[in-house]
Structures are given as structure tokens and as C-alpha cells.
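Here are the chains, one letter per residue:
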Amino acid sequence: MNKTNITGIHHLAIQANDFAATCRFYEALGLEPFHSWALPEYNITHAALLRIPGTNSFIEIFDKDANVAAQGRRKMPGESVVTGALLHLALTVVDVDGAYAHALSLGATSCVEPCELSLGIPPLKVRNALVYGPDGEVIEFIAFI
């Protein structure tokens, strides 16, 4: 297989505690509803793809009882987030501070306030901020500066 066969990231998937609330959160962040379905043979009552505008990249949201392939194990009630290999969802934005403030206004909680970072040599300069989404997922807002 040729290394150039990969053309982008199609989607990241989230298993929502409250499917409708999670969809509303990501739609309020600016994602567009694209498609929804049910798949009873996998215990999927509700699933949806939300598109990042102007791209062919998506966030896929499943209901809490969906039986889908997942990395690690599910968090138990009252337990801290269980960390696996997938660390966070990073979204490129025009305005990091605005995206961070907007996410907080929608009920996200702060993880890392907006800041500037200089990464490596030669330096790659970015501005980023991180929040916890409605299902405990870590969302990074990032822009090159």
C-alpha cells in the first residue's frame, strides 16, 4: 500500500451519556448535522455524524448503550476519567479564546486556559486551550500563530 493512500481524518467517535445534549453541544460549537441512524444489531438506538463545516471530517456520536468498538474500558459511575491511548480531540479554530469562551458558555469545563506555546526547534508557535466536553472528552482548540 502506498503511504499517500491516507487523505485525511474522517471522524472521531464519542459515546454520549446524553445523546441529544452531546449533539446540541457540538452543533452549538459550529458542527453541522450530516446523517443519523440506528443499528439494532449493535444495540445502537441513536448515532449521528456531525460535519466540521467546509471539510469531510466528522464527529460521530453514539448513545450510551451502543455496542461499538472502543479503546480502553468505559468509565464507571463516580469514577475519574479512564485514560487510554486516545488523548484528546483537537479542533483547528480561527480564534482560540473565542472558541474556549463559547465552549464554556455551553457547559464545558476548563482544562487548560488559552495560552501560547513554542514547540521544538525551529519553533512551531501555536495558541491553544483545552476544555472537558459533556461526556468527559478533552477538546483542544488550536491555531498556528
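Residues numbered from 1 in each chain as written. Predicted model: local features only at pLDDT ≥ 70, side-chain atom pairs only at ≥ 80, totals over all residues. Heavy atoms only, no water.

- Where an unreviewed UniProt entry is consulted, the protein chain appears under the name VOC family protein, with the organism given as Chitinophaga oryzae.

Structural notes on the packing of aromatic side chains
- A complete count under the given rule lists three aromatic pairs for this structure.
- For the ring pair W37 and F62, a centre distance of 6.4 Å and an interplane angle of 85 degrees mean the geometry is edge-to-face. You can see W37 sitting in strand 2 (residues 32-39) and its partner F62 sitting in strand 4 (residues 58-62), a full 25 residues away along the chain.
- Note on W37: relative accessible area 24%, which makes it partly exposed. (Phe/Tyr/Trp six-rings, centres within 6.5 Å; stacked < 30°, edge-to-face > 60°. Helix = DSSP H or I, 4+ residues; strand = E, 2+ residues; numbered from the N terminus. Buried < 20%, exposed > 50% of the residue type's maximum accessible area, 1.4 Å probe, protein only.)

Looking at the sheet that holds strand 1 (residues 11-15)
- Read from one edge of the open sheet, four strands run 1-4-3-2, paired in mixed fashion. The open sheet is flanked by strand 1 and strand 2, the only strands paired with a single partner. For this sheet, the mean inter-axis angle between neighbouring strands, taken without regard to orientation, is 20 degrees.
- Bridge analysis of strand 2 against strand 3 (residues 44-51) gives six bridges, and the strand direction is antiparallel. (Pairing = 2+ DSSP bridges. Axes fitted to C-alpha atoms, helices over the stretch in contact; angles between N-to-C directions.)

Topic: unusual backbone geometry
- The amide bond that connects I121 to the next residue, P122, takes the cis arrangement and shows omega of 0 degrees.
- Structurally, the position occupied by P122 is in the loop between strand 6 (109-119) and strand 7 (124-132).
- We note that N43 has phi near 60 degrees; this positive angle belongs to a residue other than glycine.
- Note that N43 resides in the loop between strand 2 and strand 3.
- Given a relative accessible area of 43%, N43 falls into the partly exposed group.

Details of a nonpolar patch on the surface
- Taken together, L117, L119, L124 and F144 make up a surface patch of nonpolar side chains, about 390 Å² in accessible area.
- On the secondary structure map, L124 appears in strand 7. (Patch = residues over 30% accessible without salt bridge, like charges linked within 9 Å, V, L, I, M, F, W, Y side chains within 5 Å. Areas by Shrake-Rupley, 256 points an atom, 1.4 Å probe, with all protein chains shown as cover. Salt bridge = Lys/Arg side-chain N within 4 Å of Asp/Glu carboxyl O.)

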